[in-house]
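Tertiary structure, described
Take a look at the letters that make up each chain.
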Amino acid sequence: GNTGSQVVRLPVYLDEPAAVPVTVDWTTVDILSTSGVAISGSDYVADSGTVTFAPGETTQYVDITVLGDTALEPPLLYGEWLVVSFHSATNARMGGFWGLGFGVIIDDETS
């Protein structure tokens, strides 16, 4: 939206269930760029935390607060990339794209 804020839930997955609890720390990341990347303070609220998977669970979520604005976002998927860094896993090995997770803040004004 153009004002206020909204919480966005980004899914985090384990490839297979574990027999013991699994934790992984996360933090939002600002990547220096001229356009196409969300910036904390204007597009979302910087945050960090720990995701905990109980034995047998394979899906958890990271909640990020997205801030409304009236700016026309870049044309890349009509939005801006939101980047989350995952690190310091316990009882699991990190996979994926260098421990990074991505979401897109979609522009509600497409003209």
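The rules behind these values
- Residues numbered from 1 in each chain as written.
- Predicted model: local features only at pLDDT ≥ 70, side-chain atom pairs only at ≥ 80, totals over all residues.
- Heavy atoms only, no water.
- Helix = DSSP H or I, 4+ residues; strand = E, 2+ residues; numbered from the N terminus.
- Contact = heavy atoms within 4.5 Å.
- Core = buried A, V, L, I, M, F, W, Y, C linked by side-chain atoms within 4.5 Å.
- Buried < 20%, exposed > 50% of the residue type's maximum accessible area, 1.4 Å probe, protein only.
- pLDDT = per-residue confidence, 0-100.

1. Looking at the side chain of Thr 28
- Inspection of the secondary structure assignment puts Thr 28 in strand E2 (residues 22–29).
- Look past the residues within four positions of Thr 28 in its chain and what remains in contact with it is Tyr 44, Ala 46, Asp 47, Ile 64, Val 83 and Val 84.

2. Focus: the nonpolar core
- Ranked by size, the top nonpolar core spans 18 residues in total, and within it Trp 26, Val 51, Val 62, Ile 64, Leu 82 and Phe 86 carry the most contacts.
- Breaking this core down by element, the ones donating at least two residues are strand E1 (5–13), E2, strand E3 (48–53), strand E4 (59–67) and strand E5 (79–90).

3. Quick notes on the confidence of the model for the protein chain
- Confidence in the prediction of the protein chain, expressed as mean pLDDT, is 84, and 82% of residues score 70 or more.
- When mean pLDDT is taken per element in the protein chain, E3 scores highest with 98 and strand E6 (residues 100–106) scores lowest with 82.

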